[in-house]
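# Residue-level structural notes
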Amino acid sequence: MKRKILNKQKLWKILGYSPSPEQLAVHNSTARFRINVQGRRSGKSYSAAKEVLPYLLSPNQKVWVVAPTLDLADKIVREVKQDVIMNLRLPIQHKKEISGQMHYMKLAGLNSEIWAKSSDRPESLVGEGIDALIVEESAKVKKVVWEQYLRPTLSDKEGWALFTTTPEGFNWIYDLWQRGQSNEFPDWDSWQHPSWESPFFKDDI
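About the criteria used
Residues numbered from 1 in each chain as written. Predicted model: local features only at pLDDT ≥ 70, side-chain atom pairs only at ≥ 80, totals over all residues. Heavy atoms only, no water. Axes fitted to C-alpha atoms, helices over the stretch in contact; angles between N-to-C directions. Helix = DSSP H or I, 4+ residues; strand = E, 2+ residues; numbered from the N terminus. Parallel < 35°, antiparallel > 145°, perpendicular 65-115°, else oblique. Left-handed = near helix turned anticlockwise from the far one by under 90°. Contact = heavy atoms within 4.5 Å. Nonpolar A, V, L, I, M, F, W, Y, C, P; charged D, E, K, R; others polar. Pairing = 2+ DSSP bridges. Phe/Tyr/Trp six-rings, centres within 6.5 Å; stacked < 30°, edge-to-face > 60°. Buried < 20%, exposed > 50% of the residue type's maximum accessible area, 1.4 Å probe, protein only.

## Notes on the packing of helix α3 (residues 44-56) against helix α4 (residues 70-87)
- At their nearest, the axes of α3 and α4 sit 9 Å apart, and the two run at 55° to each other. One way to sum up the angle between α3 and α4 is to call them oblique. In terms of crossing hand, the pair formed by α3 and α4 is right-handed. Packed against α3, whose contacting residues are Ser45, Tyr46, Ala48, Ala49, Lys50, Val52, Leu53 and Leu56, the element α4 presents Lys75, Ile76, Glu79, Val80, Asp83 and Val84 at the interface.
- A breakdown of the residues in the contact of α3 with α4 according to their chemical character gives 9 nonpolar, 1 polar and 4 charged.

## Digging into the sheet that holds strand β4 (residues 101-107)
- Across the sheet, which stays open at both edges, the 8 strands sit in the order β3-β4-β5-β2-β6-β7-β1-β8 with mixed pairing between neighbours. Since the sheet does not close on itself, it has two edges, and those belong to β3 (92-98) and β8 (188-193), each with one partner. In this sheet, neighbouring strand axes are inclined to one another by 15° on average, regardless of whether the strands run parallel or antiparallel.
- As judged from the 4 bridges shared by β4 and strand β5 (residues 112-118), these two strands associate in the antiparallel manner. Paired with Lys106 across the two strands is Glu113, which belongs to β5.
- Across the face of the sheet, α4 comes into contact with β2 (62-67), β3, β4, β5 and β6 (132-136) while running at roughly 40° to β4.

## A short note on the packing of aromatic side chains
- Following the criterion strictly, the structure yields 10 aromatic pairs and no others.
- Plain terms: the ring middles of Trp12 and Tyr17 are 5.3 Å apart, the flat faces sit at 90° to each other, and that makes the pair edge-to-face.
- Consider the rings of Phe163 and Trp172, whose centres lie 6.4 Å apart with planes at 80°: the pair is edge-to-face. Like Trp172, Phe163 is buried.
- Every member of this aromatic cluster is reached through a ring pair, and the members are Phe33, Trp146, Phe163, Trp172 and Trp188.

If you want it as structure tokens, here you go:
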């Protein structure tokens, strides 16, 4: 992922974001494909929004957030919107919201845009080259969607992908996770942490 982007640490300092050690490991990885498996309420979606933000704030970037439903994709895009509009007060050229859900946002002057997309409509995932991809709750996304629709979109621009998910057993995401643990796949990196390791998890029992 050798591309010039805004300095992550300086941007996060402005926003008051202090990653946990588990989040920082994902942020600091230079692997093109990253698999982040964590338990519920661990902050993986929040950190994914913070990871993609420096790219969106760099010129001519196209970012997709894909999830099994638009509700889940909106969770990350809405966090990005909060940082861009409310916290950084940056001008927006165009945005599309339907029933309170963010579908699309383009930043004025940068020609960079972010889209929320649902994997249950694979016909909407063709025909474009993108720079950055977040696959939220990726273990619930069908393998064919990644192989036939999402992976090709990263080829033209040599884009990168971050898979975030809660554990779902030994499915295709587990196979990708194993790549991240192997020296035979230098473009891949992976992590697994239970919820209780996260400072964002509240034990109410």
